[in-house]
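Residues per chain are reported as follows:
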Amino acid sequence: MSCTEESSDYWDYDDPSAWSKHFPSAAGLCQSPINIISNDTALESYPLLIFSSKYNSNELFTLTNNGHQVAVTLAQHTYGQNENDLWFTGGGLTGQFYFVNFHLHWGRNDRHGSEHEIDGERFPAEAHFVFKNQQNGQLAVFAFHFIIADQWDDENTEWEKYTDAASQLLNVNDTMNCTFNLSQLMKANEREFFRYTGSLTTPPCTEGVVWTVFMDKIPIAEQSLNQLRQNITKKVYRPVQSINNRTISRNSLD
Ligand SMILES: [Zn+2]
């Protein structure tokens, strides 16, 4: 790449270890993703997550191929939607966190693709839902791991909609609108998750991001991931980073 390109484009997934040349935060001590060792976690009992009503309804979103991944934002200025209407509180976090975007990470084959690992195990894909506390700028990301569905009809159909739409956005800045139900996309036990403080997993890799990595896995068809691999890009994930001195918490029902 030439130096005249915008800095936001000055990275790719071929060599994530080079990101810190242009994005110093990427060499920080509190980076994401990490390998979560479940036996080395501190048990917690956080308050319930509480979502606004739009979490449970079909809302219009816009998918955008941003050159690195296919990110999904609320389709603003359409049907009078207000970006402030999709939020959560609770879960051990302070304040109200507003939806920013969601996106998927995947790999060349089913053995890779997730960003976080659990006890060294990788998964074929990982979804991120990014939220922001607009009062203090705090970012919070919900992460979900995927497993390959045994049968085609076991696939989470809401994610099938994502892979169908995303795999048609062949060029950078291609967009498409699609309705999604966030509660169907984030279909998991909301009480069972890991929690730690890390960073964005894409440049500028800014730290201070609160991560919530849910334990439940979402089923996806291999064919759906193949559509993305063949049409968009082969791999979209950053390898795990050092935990260093961080404590990983585990929220549990018991
Ligand atoms: Zn991500």
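Scroll up to find the structure.
Only a predicted model underlies this, so the values are computations on that prediction, with no experimental measurement involved.

Engineer: I'd like a rundown of the coordination of the zinc ion, residues and numbers included.
Structural biologist: Donor atoms from the polypeptide that coordinate the zinc ion comprise H103 (NE2), H105 (NE2) and H128 (ND1), at 2.0 to 2.1 Å from the metal. Mapping the donors of the zinc ion onto the primary sequence yields the spacing H-x1-H-x22-H. As far as the burial class goes, H103 and H105 line up, both buried.

Engineer: So what's going on with the nonpolar core? Which residues, and what values?
Structural biologist: In globular proteins that are soluble, nonpolar side chains generally tend to be buried together. One finds L63, F102, L104, F129, F142, W159 and Y162 to be the most contacted residues of the largest nonpolar core, which totals 50 residues. Per element, the largest residue contribution to this core is six residues, and it comes from strand β7 (residues 93-106). Excluding residues within four positions of it along the chain, F102 makes contact with F61, V70, A71, V72, H128, F129, W159, Y162, F180, L182 and L185. Ranked by size, the runner-up nonpolar core spans 14 residues in total, among them I34, F123, V209 and V213.

Engineer: Can you tell me about the side chain of S114, naming the residues and giving the values?
Structural biologist: With respect to the element layout, S114 can be found in the loop between β7 and β8 (117-118). Judged by its relative accessible area of 4%, S114 falls in the buried class. Here the side chain of S114 touches H116 through a polar contact of 3.2 Å, landing on its backbone oxygen. For S114, the contacting residues outside a window of four places in its chain are R122, F123, P124, A125, E126, H145 and Y237.

Engineer: Residues and numbers for the packing of aromatic side chains, please.
Structural biologist: Within this structure, the stated rule accounts for 27 aromatic pairs. Each ring, one from F129 and one from W159, has its centre 6.2 Å from the other, and the planes form 80°; the classification is edge-to-face. Taken as a pair, F129 in strand β9 (residues 125-133) and W159 in helix α2 (residues 157-166) lie far apart in primary sequence, 30 residues in all. Each member of the pair, F129 together with W159, is buried.

Engineer: For unusual backbone geometry, give the residues involved together with the corresponding values.
Structural biologist: Each neighbour pair has its own omega, and for S32 with P33 the value is 0°, a cis peptide bond. Note the cis peptide between P203 and P204, where omega equals 15°. When you line up the elements, P204 lands in the loop between β12 (193-199) and β13 (207-220). Phi at N173 takes a positive value of approximately 80°, unusual for a residue other than glycine. Looking at the secondary structure, you find N173 in the loop between α2 and β11 (175-181). Phi at N244 takes a positive value of approximately 55°, unusual for a residue other than glycine. Looking at where N244 falls in the secondary structure, it is placed in the loop between α4 (222-231) and β14 (248-251). A relative accessible area of 43% places N244 in the partly exposed class.

Calculation criteria
Residues numbered from 1 in each chain as written. Predicted model: local features only at pLDDT ≥ 70, side-chain atom pairs only at ≥ 80, totals over all residues. Heavy atoms only, no water. Donors = N, O, S within 2.8 Å, 3.2 Å for Na, K, Ca; no water. Buried < 20%, exposed > 50% of the residue type's maximum accessible area, 1.4 Å probe, protein only. Core = buried A, V, L, I, M, F, W, Y, C linked by side-chain atoms within 4.5 Å. Helix = DSSP H or I, 4+ residues; strand = E, 2+ residues; numbered from the N terminus. Contact = heavy atoms within 4.5 Å. Polar contact = N/O pair within 3.5 Å; in protein donor to acceptor, adjacent residues only side chain to side chain. Phe/Tyr/Trp six-rings, centres within 6.5 Å; stacked < 30°, edge-to-face > 60°.

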